[in-house]
Structure formats: structure tokens, C-alpha cells
Amino acid sequence: MLTGNADDAADLVQEALLKLNSTWRRVRRKDDPEGYVRTIMARQHVTWWRRRRREQLTDEVPSPVREDEEDLREVWERLRALPPKQRAVLVLRYHEGLGDGEIAAILGISQATVRSQASRALATLRARARALSGRQA
């Protein structure tokens with residue numbers, strides 16, 4: 001969900017595992033090795049943003065695994081339309097259940113920036129939902 005497409009997600013996981021390889025002995029003794037891996041992935045994704053400085057959108061939408069996942073597909077499409085930082089904040093907050101402080105630490109931004117990015121993302125999603133419901137009415 002951080003990257004917006006399955007290919008970039010696979011690359012992100014591979015990069016995280018490569019970085020984890022040299023520190024695994026130390027990390028596995030910690031309380032939350034999974035959280036450590038999530039942090040690596042989020043920071044690596046931020047590094048990619050900084051390199052690209054542009055979002056790469058595609059016309060292709062990932063096909064759902066089952067037909068009853070139509071709602072999930074719609075959420076996925078709407079999240080993909082957000083800027084990467086806003087998408088990351090929403091994914092970490094609502095999908096991973098992290099607080100503002102944790103998100104700020106993972107993304108290397110202030111807690112105020114986390115809140116403002118979340119607010120902007122939600123406002124964008126609400127506006128687009130209103131526009132879509134207006135067209136369908």
C-alpha cells in the first residue's frame with residue numbers, strides 16, 4: 001500500500017531484507033523485529049520519493065483477487081491518486097495503526113507534518129468522493 005503498485009512493493013521488500021541482513025542477529029533479539037522491518041521499508045520508500053520527486057501514475061489498476069474485494073479495489077484506486085507522502089501517512093495511520101509520533105519517526109518528518117498530510121489527504125479523498133457522488137446522482 002505504501003508504493004501504489006505490486007512491482008514497487010516487491011522491490012521495497014527486497015531492499016528492506018537486504019538492509020536487514022547485516023543486522024538481523026541484533027534485530028531478532030529486540031521486542032518488535034517486524035516493526036523494525038516496517039521502519040526500514042517506510043524510510044526506504046521516503047528515500048525513493050526524494051530521488052524521484054515525482055509520482056509515477058499508471059492507467060493500470062491491479063485486478064482484485066476475488067470479486068467481493070470491489071470495495072478494496074476502490075480504496076486502492078483512491079489511495080493511488082494521492083501524493084506519495086500523504087498516501088504513506090494514511091497507510092501507516094489507518095492500515096498499520098500507528099500514532100503520529102511513530103509515523104513521524106518512520107518518515108523522518110515532524111508530528112505536525114504528519115497531521116497536516118493526513119488532513120490534506122482526507123480532505124482530498126472527501127472532495128473526490130463528493131464529486132463522484134454528484135456525478136452519479
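A short tour of the structure in this document, coming up. Predicted model, so just to flag it, every value in this text is computed and none were measured.

### Quick word on the overall build of the protein chain
A tally of helices and strands in the protein chain yields seven helices and zero strands. Start at the N end of the protein chain and walk to the C end: the helices and strands fall as α-α-α-α-α-α-α. Out of the 137 residues belonging to the protein chain, those deemed buried represent 32%. Of the roughly 9400 Å² that the protein chain leaves accessible, carbon and sulfur atoms contribute 48%.

### Examining the side chain of Q117
Relative to the helices and strands, Q117 resides in helix 7 (residues 111-136). By relative accessible area, Q117 is classed as buried at 10%.

### Points about helix 1 (residues 6-21)
The terminal C-alpha atoms of helix 1 lie 22 Å apart, and with 16 residues this matches the ideal 22 Å at 1.5 Å per residue to within 8%. Within helix 1 the residues assigned to the buried category are D8, L12, A16 and L20. The buried side chains of helix 1 occupy one side of the element, clustering within an arc of 110° when seen end-on. Helix 1 presents A6, D7, Q14, L18 and N21 as exposed residues on the side facing more than 90 degrees away from its buried surface.

### Some thoughts on the pattern of salt bridges
Here the structure, examined in full by the defined rule, presents five salt bridges. One salt bridge connects R93 with D100, and the closest N-O pair in it is separated by 2.5 Å. Between R115 and D100 there is a salt bridge, and its shortest N-O distance comes to 3.7 Å. Taken together, the residues span a long stretch of sequence, with R115 in helix 7 and D100 in helix 6 (residues 100-107) at a distance of 15 residues. Residue R115 is classed as partly exposed on the basis of its relative accessible area of 41%.

### Notes on the packing of helix 5 (residues 84-95) against helix 6
Running from N to C, helix 5 and helix 6 cross one another at 135°; their axes reach a closest spacing of 10 Å. Here helix 5 is positioned oblique relative to helix 6, judged by the angle of their axes. When the axes of helix 5 and helix 6 are compared, the crossing they make is right-handed. Note on element contacts: helix 6 touches helix 5 through D100, I103, I106 and L107, opposite A88, V89, L92 and R93.

Cut-offs used in this document
- Residues numbered from 1 in each chain as written.
- Predicted model: local features only at pLDDT ≥ 70, side-chain atom pairs only at ≥ 80, totals over all residues.
- Heavy atoms only, no water.
- Helix = DSSP H or I, 4+ residues; strand = E, 2+ residues; numbered from the N terminus.
- Buried < 20%, exposed > 50% of the residue type's maximum accessible area, 1.4 Å probe, protein only.
- Areas by Shrake-Rupley, 256 points an atom, 1.4 Å probe, with all protein chains shown as cover.
- Expected span 1.5 Å × (residues − 1).
- Arc of directions from axis to C-beta.
- Salt bridge = Lys/Arg side-chain N within 4 Å of Asp/Glu carboxyl O.
- Axes fitted to C-alpha atoms, helices over the stretch in contact; angles between N-to-C directions.
- Parallel < 35°, antiparallel > 145°, perpendicular 65-115°, else oblique.
- Left-handed = near helix turned anticlockwise from the far one by under 90°.
- Contact = heavy atoms within 4.5 Å.

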